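# Tertiary structure, described
This is what each chain is made of:
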Amino acid sequence: VGKDSINTNIITLTRFLTEEQVKHKEATGDFTLLCHALQFAFKSISFYIRRATLVNLTGLAGQANATGDDQKKLDVIGNDLFISAMRSCGRVKLLVSEEEEECITFDEWPNARYAVACDPIDGSSNLDAGVSVGTIFSIFKLPKGAKGVKEDILKPGTEMVASGFTMYGASAQLVITMKSGGVNGFTLDNNFGEFILTHPDMRIPKKRAIYSVNEGNSLYWEEPVKEYINGLKYPGEGGKPYSARYIGSMVADAYRTLLYGGIFAYPADKKSPKGKLRILYECAPMAMVFENAGGLAVDSNMNRMLEVVPEHIHDRSGIFLGSEQEVQKVLDIHKKHQ
Ligand code: AHM
Ligand code: MG
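Residues numbered from 1 in each chain as written. Chains lettered and ligands numbered in written order. Predicted model: local features only at pLDDT ≥ 70, side-chain atom pairs only at ≥ 80, totals over all residues.

### Describing the sheet that holds strand 3 (residues 92–97)
Picture the strands of a sheet paired through backbone hydrogen bonds; they go either parallel or antiparallel. One open sheet holds the 8 strands; their spatial order is 4-3-5-6-7-8-9-10, and the pairing between them is mixed. Sheet topology places strand 4 (104–105) and strand 10 (194–199) at the edges, where each strand pairs with a single neighbour. In terms of strand pairing, strand 6 (residues 133–141) meets strand 7 (residues 160–168) through 8 bridges, oriented antiparallel. The residue bridging I136 from the neighbouring strand is F165, located in strand 7. Of the strands in this sheet, strand 3, strand 5 (114–122), strand 6, strand 7, strand 8 (172–178), strand 9 (183–189) and strand 10 touch helix 2 (residues 30–51), which is tilted by about 165° from strand 6. (Pairing = 2+ DSSP bridges. Helix = DSSP H or I, 4+ residues; strand = E, 2+ residues; numbered from the N terminus. Contact = placed C-beta atoms within 7 Å. Axes fitted to C-alpha atoms, helices over the stretch in contact; angles between N-to-C directions.)

Written as structure tokens, this is what we have:
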């Protein structure tokens, strides 16, 4: 390897966060510290996922979580790692986790100003097969004096200060976006133990003929959804049908969609009238990433996903997210049906 091909000026997540902090005159460093705790959670979850088959961490934990899903051993470990990282960083007052029925208030930190919602291991039905899963997070800033009760986080996605996800795939990929703009992607270098900026300023392609949806639910779909998906498969004279890609891990399906373009959907249907995916820690954070990358995200009522306000911390929503022109087609077809 020639010395010229070695990058000696790597942008690590730590460096990236420091440079972001400098840009914000009013920043106290609290957000940066919170992100350091987040990245530690991602690294440790990534480590255990990769070891799982070897150290007997596959399979069920033997209990169901807050929302009735069977919990996997790794769901429990991921949740504990995440909670511990958030608790110990001293900057988080309130935490919502998919695996916890109630929100958790960290009373030991009276001055902590952040609230975090997370799905520690999303797509865990894929875990035992070694298929990609991920952690999704959203971060809110609490007003001064907030008590850290659930009402503090029952807010629309437009109130988030940052959101993102880490996909545990062939490598761990961290994607983060902040209120002020861009979407940046980092790859975990296991040798350095650092997330390295590998995908600066990510932009989703304006269109792409790929759709990602669980078609096993099509029996239950509403008319506009049926018509939309059928239109992709049977484009009519001379048209080329779309490719289907569905992993069944939102993080992996969304990450591919972000990179390649296309659409990911989990619509509300007759069986799940409120949809399947959760607003606070699945739909809203992904919507922020997609919008900030130039894409769109709407719910099954064709409202902007980021404006949907959850009533309860585990509320669900239908979702369509992806390339601007692909989501626009969904909007157009629903409009026609009104
Ligand atoms: P989980 O949080 O229990 O893992 O469920 C969420 C997952 C998403 O990652 C994925 O998009 C969806 O459920 C897949 O659902 P289905 O198996 O119904 O297609
Ligand atoms: Mg989930």
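Moving on from the model shown.
### Here's the deal with the packing of helix 4 (residues 223–233) against helix 7 (residues 324–337)
Closest axis-to-axis distance for the helix 4/helix 7 pair is 9 Å, and the angle between their directions is 135°. It follows that helix 4 is oblique to helix 7 by the angle criterion. Taken as a pair, helix 4 and helix 7 cross one another with a handedness that is right-handed. For the pair formed by helix 4 and helix 7, the contact residues are E223, P224, E227 and Y228 on the first element and K329, V330, I333, H334 and H337 on the second. (Parallel < 35°, antiparallel > 145°, perpendicular 65-115°, else oblique. Left-handed = near helix turned anticlockwise from the far one by under 90°.)

### A few points about the environment of G262
Tracing the chain through its elements places G262 in the loop between helix 5 (250–260) and strand 13 (263–266). When the C-alpha atoms of G262 and A244 are compared, they prove to be 9.9 Å apart, with 18 residues separating the residues in sequence. Excluding its chain neighbours within four sequence positions, the residues that come into contact with G262 are R208, I210, Y211, S212, T257, G322, S323 and E326.

### Some details on the UniProt feature "domain: Fructose-1-6-bisphosphatase class 1 C-terminal" (unreviewed entry) in the protein
What UniProt calls "domain: Fructose-1-6-bisphosphatase class 1 C-terminal" (unreviewed entry) maps, in this numbering, to residues 204–334. Taken as a whole, residues 204–334 contains 36% helix and 15% strand, while its terminal C-alpha atoms sit 23 Å from one another. (UniProt positions renumbered as here; feature names shortened; annotations may be inferred.)

### Notes on the sheet that holds strand 11 (residues 210–212)
In spatial order, the strands read 12-11-13-17-15; together these 5 strands make up an open sheet with mixed pairing. Strand pairing shows two members of the sheet lacking a second neighbour, strand 12 (243–244) and strand 15 (296–298), which therefore form its edges. The sheet contact formed by strand 15 and strand 17 (residues 319–322) spans 3 bridges and is antiparallel. Residue pairing across strands places A297 opposite L321, the latter belonging to strand 17. Lying on the sheet, helix 6 (residues 279–292) is in contact with strand 15 and strand 17; it crosses strand 15 at an angle near 150°.

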